[in-house]
Each structure stands twice: as structure tokens, then as C-alpha cells.
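# Fold and contact review
Chain by chain, the residues run as shown.
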Amino acid sequence: MGGLLDGKRLVVTGVITERSIAYAVARLAQEQGAKIVLTAYGRPSLVARLARRLPEEPPVVELDVTDEAQLATLAHRVGAHLDGIDGVLHSVANAPAACLDGGFLTAPWHEVSAALHTSTYSLVALTMACQPLLRPGASVVGVDFDASRAWPGYDWMGVAKAGLEACSRYLARDLGGQGIRANLVAAGPLRTLAARGIGGDGPSFEKSWATRAPLGWDPEDASPVARTCVALLSDWLPATTGEIVHADGGRHMIGG
């Protein structure tokens, strides 16, 4: 029986530790038959070491999603390893400390703009950088955290995620004619570097989430989120675009 991603060629951003959602997606994608290229920001040797721990060591290309020069050459550099792209995972987010943990009213614009550039606009920038290699039927998947409410400590990153959700919808609209889908996966809180700003008191927030989620929630286990991403990267949801698919144990729909 073939894998869900047999023959697929993917670009995966955001691998920084073995705990990262991107790493879980990269591993599962390979297990499901995909050929992947990883991108690395700032520390390519670190990502290269992580790449060697995957079932098959993938190529690693450098990419700062805010660097126009690197974006301009991304398709050429990825094209040295893949003859086309069937899927892109956007798992990139960052906000300066001033934008988190109560800094919403005081964060200066240059800090806020940095958060929006990295965490919001980069979805569009990455997709357009990959476009020369994107094939009809390709899938762009971004990693989200529910932006429908104000979470403790999340502040400007919550705004950035709201913008990410809007960007995904407009990408879905504008790329649909090329047969390209764009969707987000809204994850529950996981113990990753990117999640440190959510919820203020991490352990209490995680416990509350697990209690309120109808299916429960394990902040140590990224595999449910990875499976949802892989499903969207596959051909099994060909008419789904502009969606936010929650992989959070159901917490998002519980009041209180």
C-alpha cells in the first residue's frame, strides 16, 4: 500500500529542534513517500544535523523569509534538488520580546513590524518565491494558532496570526485558478520554541487546555498536528482551500 504522499515534492520551513511541528511534518512526510527540502534560517549546520536524523537525509537550503535576495533565488536553489514543488509547509513565526507578555500597548512599531513581516507577510513571500516550481494541485499549508480570541501573553503575535489567517484566504482566492490550495492548521499549545509566548503561565495554560479540550491534549505530542498538515499536503482534500483546520483536541469550540 502506497504512502499518502508518494511522489510528492515538498519544501518544509521551520525545522529548528526535534520538538518543532516542522520536524514532525518532515518525518511523517518522508514516511508517507515524499521527497523534501528543508530550509534553514541562521543556523544551517544545526538544521543539517537534524536532517541527518530523519529517515532519509534531505537537502537543506538557507532561507531568511524576510530577505528579498534569498527569496529571489529560492526557486533556483530548491530546483537543484526538486524538479517541481507539490507542497510547501510554512512553519515560521517570531516576535520580539517587547511584543509579548503584556507588551501590546507599549510595543514600538519597529518591533511590531518585525513580528508581522516574519509571522504574517512571509506566508505570501514564501509562496511567491516557490511559485515558479509550484505544480497544479500543489498545497500550501501554514501553521496557525487560533486568532479568534485574545490569549494571555500572546499580544502582537495574536494579531500576526490573525493576519496570517487573512493572508491564507487571499492566497487561496488568487492561486485557486492555478489549481493551488492554501490552508492553515491551528494547533493546540505544544512545547516548542514558537509556543513559549502563548498563555503566559505555560504549565497552567496547557493543563487548562487539556481539561477543556473534548479529546484531551498532550503538549508533548506534535504528531496529531503533523498528521493534519500531511493530510492537507496530500491529494485527499482536493476541494479544500482557504480553510483553518483545527488540530487542538476541540478546545477552540468550547466556551469559557
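Preceding this paragraph is the structure being described.
Residues numbered from 1 in each chain as written. Predicted model: local features only at pLDDT ≥ 70, side-chain atom pairs only at ≥ 80, totals over all residues. Heavy atoms only, no water.

## Quick word on the pairing of strand β5 (residues 134–144)
- Buried residues dominate β5, accounting for 8 of its 11 residues.
- Alignment of strand β4 (residues 85–90) against β5, held across 5 bridges, turns out to be parallel. For Val88, the partnering residue across the bridge sits in β5 and is Val140.
- Of the crossover connections in this fold, the one passing from β4 over helix α4 (residues 109–130) to the parallel β5 is right-handed.
- As judged from the 6 bridges shared by β5 and strand β6 (residues 181–187), these two strands associate in the parallel manner. Across the sheet, residue Val141 finds its bridge partner in β6, namely Asn183. (Buried < 20%, exposed > 50% of the residue type's maximum accessible area, 1.4 Å probe, protein only. Helix = DSSP H or I, 4+ residues; strand = E, 2+ residues; numbered from the N terminus. Pairing = 2+ DSSP bridges. Right-handed = clockwise from strand over helix to strand, strands pointing away.)

## What to know about the packing of helix α1 (residues 21–31) against helix α7 (residues 223–233)
- Running from amino to carboxyl end, α1 crosses α7 at an angle of 55°, the nearest separation of the two axes being 9 Å. Here α1 is positioned oblique relative to α7, judged by the angle of their axes. Considering how the two elements wind past one another, α1 and α7 form a crossing that is right-handed. On α7, the residues touching Ile21, Ala24, Val25, Leu28 and Ala29 of α1 are Val225, Ala226, Arg227, Cys229, Val230 and Leu233.
- Its residues assigned to classes, the contact of α1 with α7 shows 10 nonpolar, no polar and 1 charged. (Axes fitted to C-alpha atoms, helices over the stretch in contact; angles between N-to-C directions. Parallel < 35°, antiparallel > 145°, perpendicular 65-115°, else oblique. Left-handed = near helix turned anticlockwise from the far one by under 90°. Contact = heavy atoms within 4.5 Å. Nonpolar A, V, L, I, M, F, W, Y, C, P; charged D, E, K, R; others polar.)

## Digging into the packing of helix α3 (residues 68–79) against α4
- Their axes nearest at 8 Å, the elements α3 and α4 cross at an angle of 40°. Classified by the angle their axes make, α3 and α4 are oblique. For the pair α3 and α4, the crossing hand works out as right-handed. On the side of α3, the interface is formed by Leu71, Leu74 and Ala75, while α4 contributes Ala125, Leu126, Ala129 and Cys130.
- Considering only residue class, the contact of α3 with α4 consists of 7 nonpolar, no polar and no charged.

## Here we look at the packing of aromatic side chains
- On inspection of all chains with the given rule, the structure shows 7 aromatic pairs.
- Ring centres of Trp151 and Phe205 lie 5.7 Å apart, and the angle between their planes is 80°; on these two criteria the pair is classed as edge-to-face. With a gap of 54 residues between them, Trp151 in the loop between β5 and α5 (155–175) and Phe205 in helix α6 (residues 202–212) connect regions that are remote in the sequence.
- Trp151 sits in the buried class, given a relative accessible area of 10%.
- Since its relative accessible area comes to 11%, Phe205 is described here as buried.
- Clustering of aromatic rings is evident, with ring pairs tying together Phe145, Trp151, Tyr154, Phe205 and Trp209.
- If you follow Arg251 out to its NZ or CZ, it ends over the ring of Trp209, 5.7 Å from the centre. (Phe/Tyr/Trp six-rings, centres within 6.5 Å; stacked < 30°, edge-to-face > 60°. Lys NZ or Arg CZ within 6 Å of the ring centre and 35° of its normal.)

## Side note on the side chain of Asp64
- Among the structural elements, Asp64 can be located in the loop between β3 (60–62) and α3.
- One buried charged residue, Asp64, remains without a salt bridge, the closest side chain of opposite sign being Arg77 at 10 Å.
- At 2.7 Å, the side chain of Asp64 and the side chain of Thr66 are in polar contact.
- Apart from residues lying up to four places away in sequence, Asp64 is in contact with Tyr41, Gln70 and Leu71. (Lys, Arg positive; Asp, Glu negative; His and termini not counted. Salt bridge = Lys/Arg side-chain N within 4 Å of Asp/Glu carboxyl O. Polar contact = N/O pair within 3.5 Å; in protein donor to acceptor, adjacent residues only side chain to side chain.)

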